[in-house]
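# Structural features, examined
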Amino acid sequence: MTDGAIQRFAGAGGARIYQIPVRAFPSMSAHTYVVIDGGYAALIDTGSGVAESNTDLDSGMAAIRDQYGEQVSWEMLSRIIITHGHIDHCGGLGHVRARSAAPAAAHRLDLAAVRDHAAFMAAHLEATASFLRWTGVAEGQIGQLGRLFGAVGQIAPGGEVATLIDDGDLLDGRFAVIHTPGHCAGMVCLRMGDVLFCADHLLATTNPRLTPAHLEPHNGLGLYLASLDRVAAEPGIRLGLAGHEAPIGDIYARIDAIRESHMGRLAQIHEACRAPRTILDLAAQIYPEMRHPSQLLLALQAVAARVEYLEQRGALAASDTGAMTRYRAA
Ligand SMILES: [Zn+2]
Ligand SMILES: [Zn+2]
């Protein structure tokens, strides 16, 4: 149970914001938010759809009513907003949909992932295999790693999206939509007054994982850094409420730190490529602590996003050897 962990924050104009942590996966908790403003109530993100996540969401809604005295229920929910099409945020939509008829909003680029995650991931298997081949993963390992990608899609039924949102929209007269691709193609941050719901675009301590454009279009480090600039240019944000980890008091300092960390990693990769390296070689060198195949997947994506960035800027040159590609400092 996570009732005790619910946190309440003050929003602009008397709005109340409740953070409900849910056990999205055994090793990962995610945050959903309920925003109450007069007779309006929005749920931001839905958890993963696994049993523990759904239980935490249900008990969180009940606790907001019973412990905080809010007049909130599934029936009176005005809006569901999906920040992006990753399973830990959108997978619970089917569960929520069974309780609430509130219209769901998401970015066009993540529509397929939100509506039917299993079909989306299944359609992605071939792209995943060619991505893994490109990174230098041996043919015999590709099936196993590809299935790890696909397995997360099987959890949740997904749900219909009634409202497509995009950069510059003011959703329900309350949430300014900022499109921030890089971590996920359809990733949006939502600004309400001086509060920014930054989902997985900014996290308090971890660098948000990047999706390389080689794996999914509309992603990659270049877009991610531009998305950091986009949010940094928003003046007067007092509080960042993310999809995981702690609230962020100074999002501007956090953006600087994330940017700096990427610059350090880019220099490290450039240095390592004095001799030709595959992305798999680089991942093993930069993340020597990797043990589990799922860690390898994340490391390959992180390195690939940086290698793409350096290659686009002429700092690395590629040479193809069969299916895999080696990179050398140009
Ligand atoms: Zn995410
Ligand atoms: Zn997440």
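Worth saying up front: this structure is predicted, and the values here are computed from it rather than measured.

Per the secondary structure count, the chain includes eleven helices and 14 strands. Relative to the globule expectation of 20 Å for 330 residues, the C-alpha radius of gyration of the chain, 20 Å, shows essentially globular dimensions. Counting over 330 residues, the chain shows a buried share of 46%. Sequence separation of at least 24 residues holds for 66% of the intrachain contacts in the chain that already meet a minimum separation of 6.

Attention now moves to the sheet that holds strand β5 (residues 79-81). Taken in spatial order, the seven strands make up an open sheet running β1-β2-β3-β4-β5-β6-β7, and their pairing is mixed. In the strand order of this sheet, the two ends are held by β1 (7-10) and β7 (163-165), each with one partner. Across the sheet, the mean angle separating the axes of adjacent strands is 25° when strand polarity is ignored. In this sheet, β5 lies alongside strand β4 (residues 40-44) in parallel orientation, the contact comprising three bridges. Paired with A42 across the bridge in β5 is R79. Against the sheet, helix α1 (residues 51-66) engages β2 (16-25) and β3 (28-37), with an angle of about 160° to β2.

Axis separation between helix α9 (residues 251-272) and helix α11 (residues 293-312) bottoms out at 10 Å; the angle between their running directions is 75°. By the criterion of interaxial angle, the relationship of α9 to α11 is roughly perpendicular. For the pair formed by α9 and α11, the contact residues are R265, L266, I269 and H270 on the first element and V303, R306, V307, Y309 and L310 on the second. Across the contact of α9 with α11, the residue classes break down as six nonpolar, one polar and two charged.

Let us look at the pairing of strand β9 (residues 175-179). Relative to β9, strand β8 (residues 170-171) is paired through two bridges, and the arrangement is antiparallel. Within β9, the position partnered with L171 by the bridge is F175. Connecting β8 to the antiparallel partner β9 that follows it, the hairpin turn spans three residues, and D172 within it adopts a positive phi of roughly 55°. Note: β9 against strand β10 (residues 188-192), four bridges, orientation antiparallel. Considered in β10, the bridge of A176 is made with R191.

On to α9. When the terminal C-alpha atoms of α9 are compared, their 31 Å separation across 22 residues agrees well with the 32 Å that a helix rising 1.5 Å per residue should span. I251, R254, I255, H262 and I269 are the residues of α9 that are buried. Burial along α9 is one-sided: seen end-on, the buried residues are contained in an arc of 100°. Those residues of α9 that are exposed and aimed more than 90 degrees away from the buried face are A253, E260, M263, G264, A267 and E271. Against β11 (195-199), α8 (221-232), β12 (239-242), α10 (279-286) and α11 lie the buried residues of α9.

Parameters and conventions
Residues numbered from 1 in each chain as written. Chains lettered and ligands numbered in written order. Predicted model: local features only at pLDDT ≥ 70, side-chain atom pairs only at ≥ 80, totals over all residues. Helix = DSSP H or I, 4+ residues; strand = E, 2+ residues; numbered from the N terminus. Rg over C-alpha atoms; globule rule 2.2 N^0.38 Å. Buried ≥ 20, exposed ≤ 12 C-beta atoms within 10 Å, placed from the backbone. Contact = placed C-beta atoms within 7 Å. Pairing = 2+ DSSP bridges. Axes fitted to C-alpha atoms, helices over the stretch in contact; angles between N-to-C directions. Parallel < 35°, antiparallel > 145°, perpendicular 65-115°, else oblique. Nonpolar A, V, L, I, M, F, W, Y, C, P; charged D, E, K, R; others polar. Expected span 1.5 Å × (residues − 1). Arc of directions from axis to C-beta.

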